[in-house]
Amino acid sequence: MLIKRPSDIPPSEITPKGVYLRRREFLKATGALGLGAGLALARPARAEEGRGAKLAEVRKSPLSTMEPLTSYKDITHYNNFYEFGTDKSDPAQQAHLLRTRPWTVAVEGLVRRPRVYDIDELLKLAPLEERIYRLRCVEAWSMVVPWVGYPLSALIRQVEPLGSAKFVEFTTVLRPSEMPGQRLPILAWPYVEGLRLDEAMHPLTLLCLGLYGEVLPNQNGAPVRIVVPWKYGFKSGKSIVKIRFTEFQPRTSWNLAAPHEYGFYANVNPTVDHPRWSQAKERRIGEGLFARKRDTLMFNGYADQVAHLYADMDLRKHF
Ligand SMILES: Nc1nc2c(c(=O)[nH]1)N[C@H]1C(S)=C(S)[C@@H](COP(=O)(O)O)O[C@H]1N2
Ligand SMILES: [Mo]
């Protein structure tokens, strides 16, 4: 999101100079370790070498959208995962560097039963469901993704939040040796996101372990990520290692980087523009740059299920 432009304008025309410079530095940083763009191109990206392991016993959810799915190829090759670089194509090239096993997630803070979960425990904690959700990025594009996971509430119930817990903070793994973007001051690493406890408990909020019936590809946040379908994509932290319950609103990476542009709530809202572009419409990835844009829907189309969470809030103020 540091590339502050609508995605359908060629970067050469509009990319701010600072971003160009950062990108050059990024290539230098990765190049110095033999991981530069040239080499990465010479070697096939992991996502093309084969698909992930199939997940067994995945039920279909009635909460899925019926819209046509974005292709596996687009979902895995058009990514925001700044730990692997700021270009949409960087994560598919670089994310194989991340070792996703062994992996644990510490669940801590204001809970009665804090616990460290192994990824294999998380895979079995609740029945896996396929949930087809729209994903709306703050950059005014969208996709339709068949996620696999289960409601985050299943995990939250196990740890028993205390009455004082009002927010949940999600922290991505900090591993600069495997995540070249973390060697650069792109964001305050590790990536941190957060939700209010009632948002985290909402049945639409997923603890996500897969897509297209398979384990999550690294570039989509393996081995475990959050998916909050009514909020802009940046609220859904990838490759998380910590879930912490707090009394006060967490300090999140994007909100710290640019508080006037990326609010804590970040609910998809066509009537509240980003300071530098409209949020009224979106481009659906895979339809081509010249396809007609779609109208962005309030709460990304999930208003019936989630509007009540914000009944007394001014969504212009709490954007
Ligand atoms: N750790 C981490 N999580 C992240 C991001 C990131 O850069 N780092 N990008 C966010 C943004 S802006 C979006 S749109 C979604 C993209 O998810 P996808 O690549 O699986 O479509 O991931 C979100 N989660
Ligand atoms: Mo995004």
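You'll find the structure just up there.
Computed from a predicted structure; not experimentally measured.

(A) Structural context of the layout of surface pockets. Roughly 200 Å³ of volume is contained in the second largest pocket. Class assignment for the residues of the lining of the second largest pocket results in nine nonpolar, seven polar and two charged.

(B) Focus on the site of ligand 1. Near ligand 1 there are 18 residues, and of these Tyr82, Glu83, Arg225, Ser236 and Lys238 occur at the shortest range. With the chains in place, 99% of the 530 Å² that ligand 1 exposes on its own is no longer accessible. Judged by its atoms lying within 2 Å of the grid points, ligand 1 is housed in the largest cavity. Broken down by class, the residue content of the shell around ligand 1 amounts to eight nonpolar, seven polar and three charged.

(C) View of empty space enclosed by the protein. Summed over all chains, the structure comprises three cavities of 30 Å³ or more. Around the largest cavity, the lining comprises 26 residues; the ones closest to its centre are Asn80, Phe81, Arg225, Gly233 and Lys238. The element that contributes the greatest number of residues to the lining of the largest cavity is strand S5 (residues 141-151), accounting for four residues. Grouping the constituent residues of the lining of the largest cavity by class yields 16 nonpolar, seven polar and three charged. There is about 60 Å³ of room inside the second largest cavity. Taken together, Arg134, Leu135, Arg136, Trp147, Arg225, Val227, Val228, Pro229, Lys231, Gly233, Ser236 and Asn300 make up the full set of residues lining the second largest cavity. Within the residue set of the lining of the second largest cavity, elements represented by two or more residues are strand S4 (129-136) and strand S10 (225-227). Of the residues in the lining of the second largest cavity, the class split is five nonpolar, three polar and four charged.

(D) Region of interest: the sheet that holds strand S2 (residues 104-109). Pairing within the open sheet is mixed, and its five strands lie in the order S3-S2-S11-S6-S7. The strands lining the two open edges of the sheet, one partner per strand, are strand S3 (115-118) and strand S7 (192-196). On average, each strand axis in the sheet is tilted by 15 degrees relative to the strand beside it, whichever way the strands run. Taken together, the five bridges between strand S6 (residues 167-172) and S7 define a ladder with antiparallel strand orientation. Bridge pairing links Phe170 to Glu193 in S7.

(E) Seen up close, the pairing of S4. Most of S4 sits inside the fold, with eight of its eight residues counted as buried. Side chains of S4 alternate between two faces, with Glu129, Arg131, Tyr133 and Leu135 and Glu130, Ile132, Arg134 and Arg136 buried alike. Looking at chain direction, strand S1 (residues 59-60) and S4 are connected through two bridges and run parallel. Bridge pairing in S4 links Arg59 to Glu129. Note: S4 against S5, eight bridges, orientation antiparallel. Opposite Arg136, over in S5, you have Ser142 as the bridge partner. Turn length for the S4-S5 hairpin, with the two strands adjacent in sequence and antiparallel, is four residues, and the turn residue Ala140 shows positive phi of about 75 degrees.

(F) View of the side chain of Ser153. When you line up the elements, Ser153 lands in helix H8 (residues 152-159). What makes Ser153 buried here is its relative accessible area of 8%. Other than its neighbours up to four places away in sequence, Ser153 contacts Ala200 and Met201.

(G) Layout of the side chain of Gln219. Relative to the helices and strands, Gln219 is located in the loop between strand S9 (214-215) and S10. Within polar-contact distance, the side chain of Gln219 engages the backbone oxygen of Thr76 at 2.8 Å.

(H) Looking closely at the pattern of salt bridges. With the rule as written, the count across this model stands at 22 salt bridges. Between Glu261 and Arg276 there is a salt bridge; the shortest N-O distance is 2.6 Å. A residue pair is termed long-range when its members are at least 10 positions apart, and Glu261 in the loop between helix H10 (253-257) and strand S12 (281-284) and Arg276 in the loop between H10 and S12 qualify at 15 residues. Note on Arg276: relative accessible area 38%, which makes it partly exposed.

(I) Structural detail: the nonpolar core. One finds Leu122, Trp147, Leu152, Leu155, Trp230, Ile243 and Phe245 to be the most contacted residues of the largest nonpolar core, which totals 80 residues. A total of six residues in this core trace back to one element, the largest contributor, which is S5. Those residues in contact with Leu155 that lie beyond four places of it in its chain are Val107, Tyr117, Leu122, Leu125, Leu207 and Ile243.

Calculation notes
Residues numbered from 1 in each chain as written. Chains lettered and ligands numbered in written order. Predicted model: local features only at pLDDT ≥ 70, side-chain atom pairs only at ≥ 80, totals over all residues. Heavy atoms only, no water. 1 Å grid on protein atoms, 1.4 Å probe; cavity = no way out; pocket = protein on both sides within 12 Å on 5 of 7 lines; lining within 4 Å. Points joined across faces, edges and corners; volume = space filled by probe spheres on them. Nonpolar A, V, L, I, M, F, W, Y, C, P; charged D, E, K, R; others polar. Near = heavy atom within 4 Å. Areas by Shrake-Rupley, 256 points an atom, 1.4 Å probe, with all protein chains shown as cover. Sits in = over half its atoms within 2 Å of the grid points. Helix = DSSP H or I, 4+ residues; strand = E, 2+ residues; numbered from the N terminus. Pairing = 2+ DSSP bridges. Axes fitted to C-alpha atoms, helices over the stretch in contact; angles between N-to-C directions. Buried < 20%, exposed > 50% of the residue type's maximum accessible area, 1.4 Å probe, protein only. Contact = heavy atoms within 4.5 Å. Polar contact = N/O pair within 3.5 Å; in protein donor to acceptor, adjacent residues only side chain to side chain. Salt bridge = Lys/Arg side-chain N within 4 Å of Asp/Glu carboxyl O. Core = buried A, V, L, I, M, F, W, Y, C linked by side-chain atoms within 4.5 Å.

Keep in mind that these numbers describe shape and distance, not what the molecule does.
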